[in-house]
Amino acid sequence: QVQLVESGGELVQAGGSLRLSCAASGRTFSSYGMGWFRQCPGKEREFVAAINRSGGSTVYADSVKGRFTISRDNAKNTAYLQMNSLKPEDTAVYYCAASIYTTVAVTTYVDYDYWGQGTQVTVSS
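Residues numbered from 1 in each chain as written. Predicted model: local features only at pLDDT ≥ 70, side-chain atom pairs only at ≥ 80, totals over all residues. Heavy atoms only, no water.

What follows covers the nonpolar core. The biggest cluster of nonpolar side chains holds 37 residues, and the ones touching the most others in it are Met-34, Trp-36, Leu-81, Met-83 and Tyr-94. Listing elements by their share of this core, those giving two or more residues are β1 (2-7), β3 (18-26), β4 (33-39), β5 (46-51), β7 (68-73), β8 (78-83), β9 (92-99) and β11 (119-124). (Core = buried A, V, L, I, M, F, W, Y, C linked by side-chain atoms within 4.5 Å. Buried < 20%, exposed > 50% of the residue type's maximum accessible area, 1.4 Å probe, protein only. Helix = DSSP H or I, 4+ residues; strand = E, 2+ residues; numbered from the N terminus.)

As structure tokens, this is what we get:
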């Protein structure tokens, strides 16, 4: 079992920055990959970024590439999503997720086994 708790979401102006955190507990943090997804009301959950278990490999959605950075600190059992140059269209509930059975950074919803409760990010124009 893995428990995930996100934090850091808030209201920010367009062009601003936020850093989301995802604190993990349960299984050894360095043994699984992590990802971030987001969801707007009435829309499907969409992939944002992923990182493999060591932190040496990352992948991003085209919509956030160059603006967002995913990272992890295995000593602190925490994953991060640094979000810069935020846009109103980045407004969503952001979820972190753990992928137990894959060894690479994965982008597909079904590859993730555990999810946090989500944190709201609102970007005003």
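What follows picks up the thread again.
This part takes up the pattern of salt bridges. With the rule as written, the count across this model stands at four salt bridges. Two residues, Arg-38 and Glu-46, come together in a salt bridge whose shortest N-O distance is 2.6 Å. Taking the relative accessible area as the measure of exposure, Arg-38 reaches 5% and is therefore buried. Between Arg-38 and Asp-90 there is a salt bridge, and its shortest N-O distance comes to 2.9 Å. With a gap of 52 residues between them, Arg-38 in strand β4 and Asp-90 in the loop between β8 and β9 connect regions that are remote in the sequence. Judged on exposure class, the residue Arg-38 and its partner Asp-90 are both buried. It is possible to trace a salt-bridge network through shared partners that takes in Arg-38, Glu-46, Arg-67 and Asp-90. (Salt bridge = Lys/Arg side-chain N within 4 Å of Asp/Glu carboxyl O.)

In total, this model carries seven aromatic pairs according to the counting rule given. Three or more aromatic residues link up through ring pairs in this structure, and these residues are Phe-37, Phe-47, Tyr-109, Tyr-112 and Trp-115. Residue placement shows Arg-45 over the ring face of Tyr-95; its charged tip is 3.7 Å from the ring centre. If you follow Arg-45 out to its NZ or CZ, it ends over the ring of Trp-115, 4.9 Å from the centre. (Phe/Tyr/Trp six-rings, centres within 6.5 Å; stacked < 30°, edge-to-face > 60°. Lys NZ or Arg CZ within 6 Å of the ring centre and 35° of its normal.)

Tracing the chain through its elements places Arg-67 in the loop between β6 (58-60) and β7. Excluding anything up to four places from it in sequence, Arg-67 contacts Gln-82, Met-83, Asn-84, Ser-85, Leu-86, Lys-87 and Asp-90. (Contact = heavy atoms within 4.5 Å.)

Take unusual backbone geometry next. Despite not being glycine, Asn-77 has its phi angle at roughly 55°, a positive value. Within the secondary structure, Asn-77 sits in the loop between β7 and β8. The partly exposed category is assigned to Asn-77, whose relative accessible area is 32%. Even without a glycine there, the phi angle at Ser-85 is positive, about 50°. Among the secondary structure elements, Ser-85 is positioned in the loop between β8 and β9.

A word on the environment of Arg-53. With respect to the helices and strands, Arg-53 occurs in the loop between β5 and β6. Note on Arg-53: relative accessible area 29%, which makes it partly exposed. Filtering out sequence-adjacent residues up to four positions away, Arg-53 remains in contact with Ser-30, Ser-31, Tyr-32, Gly-33, Arg-72, Asn-74, Ile-100, Thr-102 and Thr-103. Among the polar contacts listed, one links the side chain of Arg-53 to the backbone oxygen of Thr-102, at a separation of 3.2 Å. (Polar contact = N/O pair within 3.5 Å; in protein donor to acceptor, adjacent residues only side chain to side chain.)

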